[in-house]
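Overview (structure and organization)
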2 protein chains.
Amino acid sequence: MLLMLAALASPRRREILRLIWRQPRSAGEIHRAMPDVTFGAVSLQLGVLADAGLVESRAEGRSRIYRVCNKRALGPLRQWLERMWDDQLWNLKLAAELEEARRGPKPQPIKKRK
Amino acid sequence: MLLMLAALASPRRREILRLIWRQPRSAGEIHRAMPDVTFGAVSLQLGVLADAGLVESRAEGRSRIYRVCNKRALGPLRQWLERMWDDQLWNLKLAAELEEARRGPKPQPIKKRK
DNA sequence: GTAACATGTTAGTTTAAACTAAAATGTCAT
DNA sequence: ATGACATTTTAGTTTAAACTAACATGTTAC
């Protein structure tokens with residue numbers, strides 16, 4: 001429970017949580033909706049959310065789908081978060097991000113051979 | 001509201017909040033119940049809690065008394081915090097701390113002249 | 001098997017929070 | 001006024017979170 005609170009304190013993690021609140025998404029989709037950070041960063045934060053018991057994942061093909069779990073356990077905070085995310089401005093921003101995500105991948109840092 | 005969440009994410013600030021949950025206390029009392037940090041640190045954290053709208057203070061003599069405000073606004077989290085703090089172990093620990101506080105002041109860092 | 005994709009993990013860096021030590025401010029009593 | 005007490009603030013340090021870049025793992029299709 002304490003972990004949960006700490007996990008929700010980070011704006012980045014709340015952003016991730018919002019993206020998968022209604023509909024589960026792959027790590028890649030989530031990342032493409034947040035072009036300002038690397039994929040690695042997103043993956044780490046997904047790990048934090050998982051440790052807090054807020055999200056769980058299942059493998060699907062080569063992707064891994066993340067979804068919110070424990071919405072119930074969030075209890076009090078759930079309404080608070082949903083109310084915030086139902087705000088019109090939030091939704092406009094979300095739509096733009098998902099459109100961006102659908103369009104295609106972003107260049108990740110170049111890879112060198114070992 | 002976002003500030004509130006961030007403020008509650010810190011164990012130290014939750015500890016302070018717990019100390020003044022039922023009964024307002026001076027900054028000094030709070031500090032003496034937390035001998036492992038300097039008074040300055042406590043004062044700064046009280047500032048954070050105040051910025052988050054979780055505590056307010058009034059001057060009384062040369063002391064300043066802090067109390068929790070907005071217990072209502074905490075809404076959902078309120079029950080959660082109270083339940084945690086009503087736990088027996090927590091209360092034993094709290095009693096010891098307050099006894100310690102009543103007994104007397106701790107040596108603060110030595111002061112040099114400017 | 002290899003190649004391309006999707007995600008995960010590691011090591012090192014950057015950024016921000018929390019803290020200490022000291023000085024500054026403010027209050028009460030004399 | 002001075003001196004003792006109570007708190008706040010500042011500057012600098014320590015500690016921890018978040019991030020990047022690279023490498024590693026795992027899956028699918030060939």
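Our subject in this report is the structure included herewith. Not measured: the values here are computed from a predicted model.

Rules used throughout
- Each chain has its residues counted from 1, running along the sequence as written.
- Written order decides the labels, with chains lettered from A and ligands numbered from 1.
- In keeping with the predicted nature of the model, local features appear solely for residues at pLDDT of at least 70, side-chain atom pairs appear and are counted solely at 80 or more, and the whole-chain, interface and lining totals rest on all residues.
- As a convention, hydrogens and water are excluded, and side-chain values are obtained from all of the structure's heavy atoms.
- A run of H or I in DSSP becomes a helix once it reaches four residues, and a run of E becomes a strand once it reaches two; helices and strands are each numbered from the N terminus.
- Only protein chains enter the calculation, and the probe is 1.4 Å; a residue is then buried if its accessible area is under 20% of its type maximum, exposed if over 50%, and partly exposed in between.
- The contact rule is simple, with two residues in contact once any of their heavy atoms fall within 4.5 Å.
- The axes are straight lines fitted to the C-alpha atoms, using for helices just the contacting stretch, and the angles between their N-to-C directions are given from 0 to 180°.
- Oblique is the label for any angle not covered by the other classes, which are roughly parallel (under 35 degrees), roughly antiparallel (over 145) and roughly perpendicular (65 to 115).
- The nonpolar class holds Ala, Val, Leu, Ile, Met, Phe, Trp, Tyr, Cys and Pro. Asp, Glu, Lys and Arg form the charged class, and all remaining residues, Gly among them, are polar.
- Residues scored as charged are limited to Lys and Arg (positive) and Asp and Glu (negative), so that His and the chain ends carry no count.
- For this analysis, a salt bridge means a side-chain nitrogen from Lys or Arg found within 4 Å of a carboxyl oxygen belonging to Asp or Glu.
- At least two DSSP bridges between two strands are required for those strands to pair.
- Residues enter a nonpolar core if they are buried and are Ala, Val, Leu, Ile, Met, Phe, Trp, Tyr or Cys, with the set joined through side-chain atoms within 4.5 Å.
- The copies are overlaid by a least-squares fit using only the C-alpha atoms of residues whose pLDDT is at least 70 in both copies.
- By convention, a stacked pair of Phe, Tyr or Trp rings (six-membered ring in the case of Trp) has centres within 6.5 Å and planes under 30 degrees apart, an edge-to-face pair has planes over 60 apart, and any other such pair is tilted.
- Charge over a ring is defined by NZ of Lys or CZ of Arg lying within 6 Å of the ring centre and within 35 degrees of the ring normal.
- Two parts placed together each lose some accessible area under a 1.4 Å probe, and the buried area is that loss summed for both.
- Under this definition, polar contacts are N or O atom pairs within 3.5 Å; protein pairs additionally need one hydrogen-donor-capable and one acceptor-capable atom, and for neighbouring residues in sequence, both atoms have to be side-chain atoms.

Thoughts on the overall build of chain A
Looking only at helices and strands, chain A features seven helices and three strands. The burial tally for chain A puts 40% of its 114 residues in the buried class. Sequence separation of 24 or more characterises 59% of the internal contacts of chain A that already satisfy a separation of 6 or more.

Some thoughts on the packing of helix α2 (residues 11–19) of chain B against helix α4 (residues 39–51) of chain B
Residues and elements named next belong to chain B. Orientation of α2 relative to α4, taken along the N-to-C sense of each, is 85 degrees, at an axis distance of 10 Å. Classified by the angle their axes make, α2 and α4 are roughly perpendicular. Packed against α2, whose contacting residues are Arg 12, Arg 13, Ile 16 and Leu 17, the element α4 presents Val 42, Gln 45, Leu 46, Val 48 and Leu 49 at the interface. Its residues assigned to classes, the contact of α2 with α4 comprises six nonpolar, one polar and two charged.

Some details on unusual backbone geometry
Phi at Asn 70 of chain A is positive, roughly 65 degrees, even though this residue is not glycine. Relative to the helices and strands, Asn 70 of chain A is located in the loop between β3 (63–68) and α5 (71–74).

As for the side chain of Arg 14 of chain B
Within the element layout of this structure, Arg 14 of chain B appears in helix α2. Although buried, Arg 14 of chain B forms no salt bridge, and the nearest oppositely charged side chain, Glu 15 of chain B, lies 9.1 Å from it. Excluding anything up to four places from it in sequence, Arg 14 of chain B contacts Leu 2 and Leu 5 of chain A together with Leu 8, Ala 9, Leu 81 and Trp 85 of chain B.

As for the sheet that holds strand β2 (residues 55–60) of chain A
All names here are of chain A. Read across the sheet, three strands follow the order β1-β3-β2 without closing on themselves; strand pairing throughout is antiparallel. In this open sheet, the two edge strands, each paired with only one partner strand, are β1 (25–26) and β2. Here β2 pairs with β3 via six bridges, running antiparallel. Its bridge partner lying in β3, Ala 59 is registered against Arg 64.

A short note on the nonpolar core
Inside soluble globular proteins, nonpolar side chains tend to come together where they are buried. Counting residues in each nonpolar core, the largest one holds 56 residues, and the members touching the most others are Leu 54 of chain A together with Leu 54 of chain B. Filtering out sequence-adjacent residues up to four positions away, Leu 54 of chain A remains in contact with Met 4, Ala 7, Leu 8, Leu 17, Leu 49, Arg 67, Val 68, Cys 69 and Leu 74 of chain A.

A few points about the relation of the copies chain A and chain B
Least-squares fitting of chain A to chain B yields an RMSD of 0.0 Å, with the transformation described by 0.0 Å of translation along the axis and a rotation of 180 degrees. Considering both components of the superposition, the chain copies are consistent with a two-fold axis. For chain A, the minimum C-alpha distance to the rotation axis belongs to Pro 76 of chain A and amounts to 2.1 Å. Of all interface residues in chain A, 100% are interface residues in chain B too; the two copies therefore contact each other through one and the same surface.

A closer look at the packing of aromatic side chains
We describe a pair of aromatic rings using the distance from one ring centre to the other and the angle between the two ring planes. Residues and elements named next belong to chain A. Counting across every chain of the model gives two aromatic pairs over all chains. Centroid distance Trp 21 to Trp 85: 5.2 Å. Interplanar angle 70 degrees. Geometry classified as edge-to-face. Of this pair, Trp 21 sits in the loop between α2 (11–19) and β1 while Trp 85 sits in helix α6 (residues 76–85), and the two are 64 residues apart along the sequence. For the pair formed by Trp 21 and Trp 85, the shared burial category is buried. Residue placement shows Lys 71 over the ring face of Trp 21; its charged tip is 4.8 Å from the ring centre.

Describing the interface of chain A and chain B
Facing the eleven residues of chain A at the interface are eleven residues of chain B. In this assembly, chain A packs against chain B so that about 1100 Å² is buried in total across both faces, 83% of it on carbon and sulfur atoms. Contact with chain B buries area across many residues of chain A, yet Leu 2, Leu 5 and Trp 80 of chain A alone supply 48% of it, more than any other trio. Between the two partners, chain A and chain B, sit zero salt bridges. Our count for the chain A to chain B interface comes out at zero residue pairs in polar contact (both at pLDDT 80 or more).

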